[in-house]
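The chain contents come next:
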Amino acid sequence: MTSPSAASHQGSLLTLPVTETVLCEREPLAEPQSGAGAQGSIVRVTLNRPDKLNAINPQLIADLNTVIDALCMDSSVACMILTGAGDKAFAAGADIAAMLPMRADEGRAFSAFGQRVFTRLETVPFAVIGAVNGFALGGGCELALACDFLYASDKAKFGQPEVTLGVIPGFGGTQRLSRRIGIARARELCFTGSVFGADEALRLGIVNAVTPHAELLTRVSHVAKTIASKGRLAVAQCKRVLRTGSDVPLDIANEIETQAFGVLFGTDDRAEGMKAFIEKRPPVFTGT
Ligand code: COA
């Protein structure tokens, strides 16, 4: 499925995988310009089952895993944008038709597989921005919550309606939602299965910004380009420290930060970033 053949551009630019249910394409790099040249690559990953509103079946999770594997092998990747194909959905949930015949042990395995793959989005060494272009329900909302941060179209709809089907969120949703918005609000949303719009998601802190529907990908791409113009080792360490530090006491979290700060002092990018500032020129980062 994946055939990484080498090419070179600021690192090892590999051929992206072709999978059945997840599209993967590289966004064009901006020309370096004063102070803000995009230097890492940006990859748009699109959940691609539009006739089923991108419902998440085992194949889609496996394909997403394949894509993540490939992106982790490509040291040029600075940012991944995750969105849904079609005009209606990011993902309208775990695939109900696929879940209907599952026995208890199969349901448990499906949950564990989804959790494992979604959690990888939090641990990959590049930024992951979710562009929520429509329904993000159930597993779709859980997948969105596993992204580093979210922008939403003004047509987006969020919710954890699993109780309507006699189950609960199983891809990490109970835990990520309560950590994101507080346990009482998460309880209310999960117990009622309410579906809510982008403005409410913004108010709750689920999304960072709401854009007109047609502008979503342009706006997200712009943010991705800004991230890609920075030192990607620094962004990767920042991501790691923010995550690992969030669930431990402050003094331990600060120690994790100090260690990462020290690691970055040993990199070419740190030397280049500071030298470029002193020389009053844009930095040219290499990711080393
Ligand atoms: N699992 C499997 N198939 C799904 C799906 C899901 N979670 N969500 C949508 N689909 C399928 C529909 O079955 C339909 O397929 P069909 O054309 O073969 O019948 C297709 O996607 C389009 O969905 P449809 O319901 O016709 O679109 P709509 O605009 O009328 O309604 C929703 C959109 C999102 C409100 C509705 O599809 C829905 O409620 N989906 C389930 C949401 C959910 O409970 N998610 C949590 C799952 S744990």
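Refer to the structure printed above.
Residue positions are given per chain, counted from 1 along the sequence in the order it is written. Predicted model: local features are reported for residues with pLDDT of at least 70 only, side-chain atom pairs are reported and counted for 80 or more only, and whole-chain, interface and lining totals are derived from all residues. Derived side-chain values reflect all non-hydrogen atoms in the structure, with water molecules and hydrogen atoms excluded from consideration.

A.B. asks: I keep staring at the overall build of the chain and nothing clicks. Help me out?
C.D. replies: The secondary structure content of the chain amounts to 11 helices and 12 strands. Using C-alpha atoms as the atom set, the radius of gyration is obtained and then compared with a globule rule of 2.2 Å times the number of residues to the power 0.38. For 288 residues, the compact-globule estimate of 2.2 N^0.38 gives 19 Å, and the C-alpha radius of gyration of the chain, at 19 Å, lies within 12% of that figure. It only takes one pair of heavy atoms within 4.5 Å for two residues to be counted as in contact. Contacts in the chain between residues at least 24 apart in sequence constitute 70% of all its contacts with a sequence separation of at least 6. Of the roughly 14000 Å² of accessible surface on the chain, a fraction of 59% belongs to carbon and sulfur atoms. Charged side chains of the chain number 28 positive and 29 negative; the gap between the two group centres comes to 2 Å. Helix and strand definitions follow DSSP, with helices as H or I runs of at least four residues and strands as E runs of at least two, each counted in order from the N terminus. In this description, accessible areas are obtained by the Shrake-Rupley approach with a 1.4 Å probe, and a residue is regarded as covered only by the protein chains that are shown. Positive charges come from Lys and Arg, negative ones from Asp and Glu, while His and the chain ends are left out of the count. Charge positions are represented by NZ for Lys, CZ for Arg, CG for Asp and CD for Glu.

A.B. asks: Would you explain the side chain of Thr-46 in this entry?
C.D. replies: Relative to the assigned elements, Thr-46 resides in strand E4 (residues 41–47). For Thr-46, a relative accessible area of 7% puts it in the buried group. Ignoring sequence-local partners within four residues, the contact set of Thr-46 consists of Thr-21, Val-22, Leu-23, Glu-25, Thr-83, Gly-84 and Ala-85. Exposure classes here rest on a 1.4 Å probe applied to the protein chains alone. A residue is buried below 20% of its type maximum, exposed above 50%, and partly exposed in between.

A.B. asks: Help me understand helix H3 (residues 104–123) in this model?
C.D. replies: Each α-helix winds once per 3.6 residues, and so residues spaced three or four apart point in a common direction. Spanning 20 residues, H3 covers 29 Å between terminal C-alpha atoms, matching the ideal 28 Å at 1.5 Å per step. Regarding H3, the residues found buried are Phe-110, Gly-114, Val-117, Phe-118, Leu-121 and Glu-122. Considered in projection along H3, the buried side chains sweep an arc of 165 degrees and stay on one side of the axis. Counted as exposed and oriented over 90 degrees from the buried face of H3: Ala-104, Arg-108 and Arg-116. Expected span of a helix: the number of residues minus one, times 1.5 Å. Directions drawn from the helix axis to the C-beta atoms are what define this arc.

A.B. asks: When you look at the layout of surface pockets in this model, what are you seeing that I'm missing?
C.D. replies: The rolling of a water-molecule-sized probe over the atoms marks out the regions of remaining empty space. A 1.4 Å probe that fits into a set of points on a 1 Å grid over the protein atoms alone but cannot get out defines a cavity; an open set with protein on both sides within 12 Å along at least five of seven lines defines a pocket, and lining residues are those with an atom within 4 Å of a point. Grid points are joined across faces, edges and corners, and a volume is the space filled by probe spheres set on the points. Considering only enclosed or pocket space, the largest pocket measures out at about 750 Å³ in volume. Lining the largest pocket are 23 residues, and of these Glu-122, Arg-176, Leu-242, Arg-243 and Ser-246 sit closest to its centre. Per-element accounting of the lining of the largest pocket gives the leading share, six residues, to helix H9 (residues 232–245). If you add up the space inside the second largest pocket, you get close to 560 Å³. Looking at the second largest pocket, it is lined by 23 residues, and the ones nearest its centre are Met-99, Glu-162, Leu-165, Val-167 and Ile-168. Among the elements of the structure, helix H2 (96–99), H3 and helix H4 (139–145) are those that each provide at least two residues to the lining of the second largest pocket.

A.B. asks: How should I be thinking about the site of the ligand in this particular structure?
C.D. replies: The immediate surroundings of the ligand are formed by 17 residues, with Lys-52, Lys-88, Ala-92, Ala-94 and Ile-96 found nearest. In protein, a polar contact requires one atom able to donate a hydrogen and another able to accept it; more generally it is a pair of N or O atoms within 3.5 Å, and residues adjacent in sequence count only if both atoms are side-chain atoms. Between an oxygen atom of the ligand and a side-chain N or O atom of Lys-52, the distance comes to 2.4 Å. Within the backbone of Ala-92, an N or O atom sits 2.9 Å from a nitrogen atom of the ligand. For the ligand, the accessible surface in isolation is 860 Å², of which the surrounding protein chains cover 58%. When contributions to the shell around the ligand are tallied by element, the ones reaching two or more residues are H2 and strand E8 (135–137). For this description, a residue counts as near a given molecule or strand if any of its non-hydrogen atoms is within 4 Å of it.

A.B. asks: Sorry if this is basic, but what is going on with the pairing of strand E5 (residues 77–84) here?
C.D. replies: Side chains on a regular strand alternate between the two faces of the sheet. Counting buried positions along E5 yields eight of eight residues, so the element is predominantly enclosed. For two strands to be treated as a pair, DSSP must find at least two bridges joining them. Pairing of E4 with E5, which is carried by seven bridges, proceeds in the parallel orientation. Bridge pairing in E5 places Arg-44 opposite Ile-81. Call a crossover right-handed when, viewed with both strands pointing away from you, the route from the first strand across the helix to the second goes clockwise. Handedness of the crossover is the feature at issue here: the chain leaves E4, passes through helix H1 (residues 58–73), returns alongside E5, and the resulting connection is right-handed. In this sheet, strand E7 (residues 127–132) lies alongside E5 in parallel orientation, the contact comprising four bridges. Note that in E7 the partner of Cys-79 across the bridge is Ala-127.

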